[in-house]
Protein chains: 2
Amino acid sequence: MNHDSSLVNRLTDRLIAGELRPGERLSETALAKEFDVSRNTLREAFRVLGEQGLVTHIPHRGVSVASPSTADVVDIYRVRHHVECSVLEHAPRNHPNAVRMEAAVDAAEKFAAEENWLEVGTANMEFHNAVVSLSDSRRLMQSFSNVLAELRLAFLKVEVLDFLHAPFIGRNQEVIDVYRTDGPAAAATLLGAYLGDSERQVLGAYARAGQD
Amino acid sequence: MNHDSSLVNRLTDRLIAGELRPGERLSETALAKEFDVSRNTLREAFRVLGEQGLVTHIPHRGVSVASPSTADVVDIYRVRHHVECSVLEHAPRNHPNAVRMEAAVDAAEKFAAEENWLEVGTANMEFHNAVVSLSDSRRLMQSFSNVLAELRLAFLKVEVLDFLHAPFIGRNQEVIDVYRTDGPAAAATLLGAYLGDSERQVLGAYARAGQD
DNA sequence: CTAGCACTCATTGTTGAACAAAGATAGACG
DNA sequence: CGTCTATCTTTGTTCAACAATGAGTGCTAG
């Protein structure tokens, strides 16, 4: 997967893989020993993860894996609506990165057949990152990618990976088809409805799990 | 969020005030002594500034104040178009934060009368942050605020604060008026044209200054 | 003269130890 | 049962040291 051995990437990988659970306290000395780095180096990594929203830092109480609240989920979906829909709506009709979207759907289908839901989730994230990549904006992609990673923590928090992701693979494909045949505007409208449904499902899972 | 560091804030203030010029190299030992903190603490602050795009970090070569290229400016305006226009277009018709936009325009006019162009620029930034605040999304506001701060470094780089900002105060007011009378959609269209003009001016300044 | 090349030097990357400061924990007490 | 204090743990920060890398310097050969 990610072979970049930078400390931040190693930590990010473990976070989005769910090895470090949302809300879990991250002890500096323990993690420093585990990753075989000094506390100071680890703290530098913590700062960037904090800035990316993957980790919550409370002064004199240390850092914990971010544990998105219902309000956070709502906030994240606001971002998704604005960014994804706007980008898709104004994308040129035959953007080269459409193949990235296709590839993500293919990967998701493959993993779904194997019932590997964690990787289905990863492929789904890649699909939406691909959508935003139609903007040709490095900054928008970067910011959006951080928000999606945070959303993945929300999924992990309520532990409903399987049935949350599966139904949306087909809708991803549908978005691509409409984009190709009816154009960006129609695809954006479709994606907007898609996101609304997705948000409702996640909030439902939160309510069932009794989370705040 | 990052409360540990008034240090980050102190550095940010000096950056957007132009005391640390774009492209300027930031020596760890020198700055650590100047702010009377240790190198390690300063490095932690550098990480968050780097993540915010205010500072560029090159391994083994240290950090410099970000010096946005023409490509960066284009990228930043892509973000502005997507975020600002989408937020304004979908904003409710009478959002409370409209008063924030008004206040920013008033402040800009006051500073313009005093020919205090640096503060005019700050007020202008505040106007656009206020626009994005209509989204009611903490994350969108935070990301956007970072991008705007980076754009301010672009302004500082080509040193044309005065005539770049002055003409747009009236257009800010116009956006508010259209938002109130004709509604969000019309205001968004107007803002889009506004941003296009603004981008052209900045790129023109870059070309004149012979910057990349 | 200048293109390379080794060498030196300054800066960053990282470590480990140390201590202060704040929060968490637990036991004594009313 | 609650609360107050004493203790303990963890974070915040500093410092000194060294390794690793990049940049500047001057030498040599062509």
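Residues numbered from 1 in each chain as written. Chains lettered and ligands numbered in written order. Predicted model: local features only at pLDDT ≥ 70, side-chain atom pairs only at ≥ 80, totals over all residues. Heavy atoms only, no water.

## Here's the deal with the side chain of B:S86
Phase 1 of the analysis: On the secondary structure map, B:S86 appears in helix α4 (residues 70-90).
Phase 2 of the analysis: In contact with B:S86, not counting residues within four places along its chain, are A:H82, A:S86 and B:H81. (Helix = DSSP H or I, 4+ residues; strand = E, 2+ residues; numbered from the N terminus. Contact = heavy atoms within 4.5 Å.)

## Things to note about the pairing of strand β2 (residues 55-58) of chain A
Phase 1 of the analysis: In this structure, β2(A) lies alongside strand β3 (residues 62-65) of chain A, joined through four bridges in antiparallel fashion. Across the sheet, the residue bridging to A:H57 is A:V63, located in β3(A). (Pairing = 2+ DSSP bridges.)

## Topic: the protein's contact with DNA strand C
Phase 1 of the analysis: Close to DNA strand C lie 19 residues, the nearest being A:S38, A:N40, A:T41, A:R61 and B:R43.
Phase 2 of the analysis: Backbone atoms, meaning sugar plus phosphate, form 70% of the atoms of DNA strand C positioned within 4 Å of the protein.
Phase 3 of the analysis: The separation between a sugar or linking oxygen of DNA strand C and a polar side-chain atom of A:H60 is 3.4 Å.
Phase 4 of the analysis: At 3.4 Å from a phosphate oxygen of DNA strand C is found a main-chain nitrogen or oxygen belonging to B:E28. (Near = heavy atom within 4 Å. Polar contact = N/O pair within 3.5 Å; in protein donor to acceptor, adjacent residues only side chain to side chain.)

## Quick word on the sheet that holds strand β3 (residues 62-65) of chain B
Phase 1 of the analysis: An order of β1-β3-β2 (chain B) is seen for the three strands of this open sheet, with the pairing classed as antiparallel. The two strands at the open ends of the sheet, each matched to only one other strand, are β1 (25-26) and β2 (55-58) of chain B.

## Considering the domain arrangement of chain A
Residue and element names in this part refer to chain A.
Phase 1 of the analysis: On domain assignment, one finds that chain A holds domain 1 (7-65) and domain 2 (70-209).
Phase 2 of the analysis: Taken together, the contacts link ten residues of domain 1 with nine residues of domain 2.
Phase 3 of the analysis: Interface area, domain 1 with domain 2, both sides summed: about 860 Å², of which 63% is carbon and sulfur.
Phase 4 of the analysis: Summed over the three residues of domain 1 that lose the most area to domain 2, namely I16, P22 and Q52, the buried surface amounts to 50% of that side.
Phase 5 of the analysis: Taken together, domain 1 and domain 2 are joined by one salt bridge.
Phase 6 of the analysis: A salt bridge links E159 to R21, with the nearest nitrogen and oxygen atoms 3.6 Å apart.
Phase 7 of the analysis: Our count for the domain 1 to domain 2 interface comes out at one residue pair in polar contact (both at pLDDT 80 or more).
Phase 8 of the analysis: Across the side of domain 1 that touches domain 2, the residue classes break down as six nonpolar, three polar and one charged. (Domains from an automatic or database assignment. Buried area = accessible area lost by both parts, 1.4 Å probe. Salt bridge = Lys/Arg side-chain N within 4 Å of Asp/Glu carboxyl O. Nonpolar A, V, L, I, M, F, W, Y, C, P; charged D, E, K, R; others polar.)

## Observations regarding helix α9 (residues 168-181) of chain A
Since one α-helical turn is 3.6 residues long, residues separated by three or four positions face the same way.
Residues and elements named next belong to chain A.
Phase 1 of the analysis: Taking 1.5 Å per residue as the helical rise, α9 with its 14 residues ought to reach 20 Å, and the 20 Å between its terminal C-alpha atoms agrees with that figure.
Phase 2 of the analysis: For α9, the complete set of buried residues consists of F168, I169, N172, Q173, V175, I176, V178 and Y179.
Phase 3 of the analysis: Phi for G183, located one or two positions after α9, is positive at around 100°. (Expected span 1.5 Å × (residues − 1). Buried < 20%, exposed > 50% of the residue type's maximum accessible area, 1.4 Å probe, protein only.)

## Regarding the relation of the copies chain B and chain A
Phase 1 of the analysis: Least-squares fitting of chain B to chain A yields an RMSD of 0.1 Å, with the transformation described by 0.0 Å of translation along the axis and a rotation of 180°. Expressed as an axis order, the relation between the two copies is that of a two-fold axis. In terms of C-alpha distance to the rotation axis, chain B has B:E44 as its closest residue, with the C-alpha 2.5 Å off the axis.
Phase 2 of the analysis: Here 84% of the interface residues in chain B have copies in chain A that are interface residues too; the copies meet face to matching face. (Least-squares fit on C-alpha atoms with pLDDT ≥ 70 in both.)

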